[in-house]
Amino acid sequence: MSENASLPVVPATADAEPAPPARFDTLPLDPKLLRAVADSGYLTMTPIQAKAIPIVLEGRDVMGAAQTGTGKTAAFSIPLLQRMLKHENPSVSPARHPVRALVLAPTRELADQVADNVKKYAKHTQLRSVVVFGGVDMKPQTAALKAGVEVLIATPGRLLDHIEAKNCVLNQVEYVVLDEADRMLDIGFLPDLQRILSFLPKTRQTLLFSATFSPEIKRLAQSYLQDPILVETARPNQTASTVEQRFIAATDDDKRAIIKQILKERSISQAIVFGNSKLGVARLARSFERDGLRTAALHGDKSQDERLKSLDAFKRGEVDLLVATDVAARGLDISNLPAVFNFDVPFNAEDYVHRIGRTGRAGASGLAVTLVTKSDARLVADIEKLIKRKIDLDAFELENTERPRFERRPRDESFERSERYERPDRPVRTTSPALRTPAPSADPFFNKPYEASARDEPPAWEKAKAAAPIKGLSSYIKPKRQVAALFGAKKPTAPAEG
DNA sequence: AAAAAAC
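Definitions and cut-offs
Residues numbered from 1 in each chain as written. Chains lettered and ligands numbered in written order. Predicted model: local features only at pLDDT ≥ 70, side-chain atom pairs only at ≥ 80, totals over all residues. Heavy atoms only, no water. Pairing = 2+ DSSP bridges. Helix = DSSP H or I, 4+ residues; strand = E, 2+ residues; numbered from the N terminus. Near = heavy atom within 4 Å. Polar contact = N/O pair within 3.5 Å; in protein donor to acceptor, adjacent residues only side chain to side chain. Nonpolar A, V, L, I, M, F, W, Y, C, P; charged D, E, K, R; others polar. Salt bridge = Lys/Arg side-chain N within 4 Å of Asp/Glu carboxyl O. Buried < 20%, exposed > 50% of the residue type's maximum accessible area, 1.4 Å probe, protein only. Phe/Tyr/Trp six-rings, centres within 6.5 Å; stacked < 30°, edge-to-face > 60°. Lys NZ or Arg CZ within 6 Å of the ring centre and 35° of its normal. Domains from an automatic or database assignment. Contact = heavy atoms within 4.5 Å. Buried area = accessible area lost by both parts, 1.4 Å probe. Axes fitted to C-alpha atoms, helices over the stretch in contact; angles between N-to-C directions. Parallel < 35°, antiparallel > 145°, perpendicular 65-115°, else oblique. Arc of directions from axis to C-beta.

K.L.:
Explain the sheet that holds strand 15 (residues 393-394) to me, please; I cannot follow it from the model alone.
P.N.:
Backbone hydrogen bonds hold the strands of a sheet together, and the pairing may be parallel or antiparallel. Overall, parallel pairing links the seven strands, which are arranged 11-12-10-13-14-9-15 in an open sheet. The sheet is open, and its two edges are formed by strand 11 (295-298) and strand 15, each paired on a single side. In the sheet, strand 10 (residues 271-274) pairs with strand 12 (residues 321-324) via four bridges, with the strands oriented parallel. Bridge pairing in strand 12 links isoleucine 272 to leucine 322.

K.L.:
I keep staring at the protein's contact with DNA strand B and nothing clicks. Help me out?
P.N.:
Around DNA strand B sit 22 residues in total, of which Arg158, Lys278, Gly300, Arg307 and Phe347 are the nearest. Atoms of DNA strand B within 4 Å of the protein belong to the sugar or the phosphate in 72% of instances, the rest to bases. At a separation of 2.6 Å, a phosphate oxygen of DNA strand B approaches a polar side-chain atom of arginine 307. In this structure, threonine 325 approaches DNA strand B through a side-chain N or O atom, which is 3.0 Å from a phosphate oxygen. Top contributing element to the surface near DNA strand B by residue count: helix 6 (residues 156-164), with three residues. Grouping the amino acids of the surface near DNA strand B by side-chain chemistry returns five nonpolar, twelve polar and five charged.

K.L.:
What's the story with the side chain of aspartate 392 in this structure? I'm lost.
P.N.:
The topology assignment puts aspartate 392 in the loop between helix 14 (377-387) and strand 15. Of the polar contacts made by the side chain of aspartate 392, one reaches the side chain of lysine 390; its length is 2.7 Å.

K.L.:
Any chance you could explain unusual backbone geometry here in plain terms?
P.N.:
Of note, alanine 362 is a non-glycine position whose phi angle comes to about 50 degrees, a positive value. Take alanine 362: it is sitting in the loop between helix 13 (349-356) and strand 14 (366-372). Despite not being glycine, lysine 388 has its phi angle at roughly 50 degrees, a positive value. Examined against the element boundaries, lysine 388 turns out to sit in the loop between helix 14 and strand 15.

K.L.:
Just to check I follow, could you spell out the pattern of salt bridges for this structure?
P.N.:
Pairs can form between side chains of opposite charge whenever their charged atoms are close. The full count for this structure, using the stated rule, is 28 salt bridges. A salt bridge links arginine 246 to aspartate 394; its shortest N-O distance comes to 3.1 Å. Within this pair, whereas arginine 246 is found in strand 9 (residues 243-249), its partner aspartate 394 is found in strand 15, the two being separated by 148 residues in sequence. No difference in accessibility class separates arginine 246 from aspartate 394, as the two residues are buried. The network of salt bridges with shared partners includes Glu180, Asp182, Arg183, Asp186, Arg330 and Asp351.

K.L.:
How do you make sense of the packing of aromatic side chains when you look at a structure like this?
P.N.:
Each pair of aromatic rings is reported with the distance of its centres and the angle of its planes. Tallying each qualifying case throughout the model produces two aromatic pairs. A centroid spacing of 5.5 Å and a plane angle of 45 degrees characterise the contact between phenylalanine 76 and phenylalanine 209, whose relative ring orientation is tilted. Note that phenylalanine 76 is positioned in helix 3 (residues 72-85) and phenylalanine 209 in strand 7 (residues 205-210), a separation of 133 residues in sequence. With a relative accessible area of 0%, phenylalanine 76 lands in the buried category. The lysine or arginine in question, lysine 255, covers the ring of phenylalanine 343, its NZ or CZ lying 5.0 Å from the ring centre.

K.L.:
Could you clarify how one ought to interpret the domain arrangement of chain A in this entry?
P.N.:
Interface size, as often reported, equals the accessible area lost upon joining of the parts. Domain annotation for chain A reports domain 1 (2-232) and domain 2 (243-418 + 427-487). Every contact between the two is made by 19 residues of domain 1 and, on the other side, 20 residues of domain 2. In this assembly, domain 1 packs against domain 2 so that about 1500 Å² is buried in total across both faces, 50% of it on carbon and sulfur atoms. It is Thr68, Glu109 and Gln113 in domain 1 that bury the most area against domain 2; as a group they hold 35% of the surface buried on that side. On the surface where domain 1 and domain 2 come into contact, there are four salt bridges. For the salt bridge of aspartate 182 with arginine 330, the shortest nitrogen-to-oxygen distance reads 2.9 Å. Inspection of the region where domain 1 meets domain 2 yields ten residue pairs in polar contact (both at pLDDT 80 or more). Taken together, the elements giving at least two residues each to the side of domain 1 that touches domain 2 come down to helix 4 (108-122) and helix 7 (181-184). Here the side of domain 1 that touches domain 2 takes five residues from helix 4, the largest share from any one element.

K.L.:
Help me understand the environment of aspartate 39, please; the structure alone is not making it clear to me.
P.N.:
The topology assignment puts aspartate 39 in helix 1 (residues 31-39). Residues aspartate 39 and glutamine 141 lie 102 residues apart in sequence; the distance between their C-alpha atoms is 28 Å. Every residue in contact with aspartate 39, bar those within four places of it in the chain, is listed here: Lys123 and His124. Polar side-chain contacts of aspartate 39 include one of 3.1 Å to the side chain of lysine 123.

K.L.:
Got a minute to help me understand the packing of helix 13 against helix 14 in this structure?
P.N.:
The angle between the axes and the distance between the axes are what describe a pair of packed helices. Running from amino to carboxyl end, helix 13 crosses helix 14 at an angle of 70 degrees, the nearest separation of the two axes being 8 Å. Judged by the inter-axis angle, helix 13 sits roughly perpendicular to helix 14. Facing Ala349, Glu350, Tyr352 and Val353 of helix 13, the residues of helix 14 in contact are Asp382, Ile383, Leu386 and Ile387. For the contact of helix 13 with helix 14, the residue count by class is six nonpolar, no polar and two charged.

K.L.:
Could you clarify how one ought to interpret helix 8 (residues 190-197) in this entry?
P.N.:
Note: α-helices contain 3.6 residues per turn, so residues at a spacing of three or four share the same orientation. Within helix 8, burial applies to Leu190, Leu193, Ile196 and Leu197. For helix 8, the buried positions fall inside an angular range of 125 degrees around the axis, keeping them on one side.

K.L.:
When you look at the environment of valine 243 in this model, what are you seeing that I'm missing?
P.N.:
The topology assignment puts valine 243 in strand 9. When the C-alpha positions of valine 243 and alanine 339 are compared, they lie 8.9 Å apart, and in sequence the two are 96 residues distant. Not counting chain neighbours up to four residues away, the residues in contact with valine 243 comprise Ile356, Thr359, Gly360, Gly366, Leu367 and Ala368.

This is the structure we're talking about:
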């Protein structure tokens, strides 16, 4: 609570609150925008839209937090366009091509997606938008910028390039949006971000949106906002309640077999598999491909062309699995994605929320499976603390089948892989110990009984929350102790790490 | 422990 002390807060509504959803056409929006919204098939607003849009229209700075997949992009782009329409045809000379609104996103694919949305809502207006990001030719971007553009959507690095090349002028920017704001404000992005903000007028409207805001980032963010309003819907740092979350105790050798078995057992047509490293993702993708699954990889060591191809192939359903790093964790809107697997537990608990938020979007159901090894205890505890939910580890019984000998699939030239990951084939184990059903062991980690029923009950902290505001998590969950119990006591024989 | 974002 303390981090919000100075912020006026629009109270979060409870999930069960039976307020009738408000329609977009009750908003004081220009008919051109209402028409575009209607064209998109939207009739009623999501909670974050209903709360944030009127406040953005008032011209206030906003910090907006809402679950993944609940329409944050529309929540800022529609009212922003409305504000800009007040002087749709600026009297400023087009030769000076002043950018009036700037939207920053942490990945190229997300910037592209946000730009698509902005274009969609602005299509009946005169307002022009363009997206700029790295990995592609600068020339077409430069040409578009020089022709004049009112809304600029960008990733930080390429935008700085354009600024230095004097391809755009940002000293007349009236509106700034940080999408995935907590990521944009983290240590990796902050220097570039500050640099960019230094080119902007101090007087402007600033909007920060994300599904996750840590207390530290909330505090930091306030130094970039003027007299802001915090707009939160219920359960910040949560994904949609329609996502079934499972945590499965695994060994590194079991992980691929577990994923394949779950895909089969639950007849999952498509899934994203997240890994923590580019190299690991590249290898994992090749492994699934060898097993006959149609697989595409998405990570930062691929060319932008390959990245685009992978994502498009996945969106079009031409591949079953998208194996990706956290480049795909945030914001990407893939409709009706049934499942997400965390092959590796993410290093940041926030990224867990974003990763599994790729499924269960817009009210759809989804499955999120996280494979947990012994060394992940700390990370799981972090996730437990963030999502304020008790995490139970499921034991998983692999089918006692021998790994089928697979045929090498012919190389698909349309998915040329980067050569740096080519490795000689490892010898195939015909009786992989990893594929045997684990024998009962004395290790409590693997003897956790399979409990399917209890997990979906509202956790105790949720009930307590209704009665009193949460002061600290410690009274509701004991992550460290609980995970310690799950993973067993530390081996007394283990040598101390230096 | 990593990834992302510029050339």
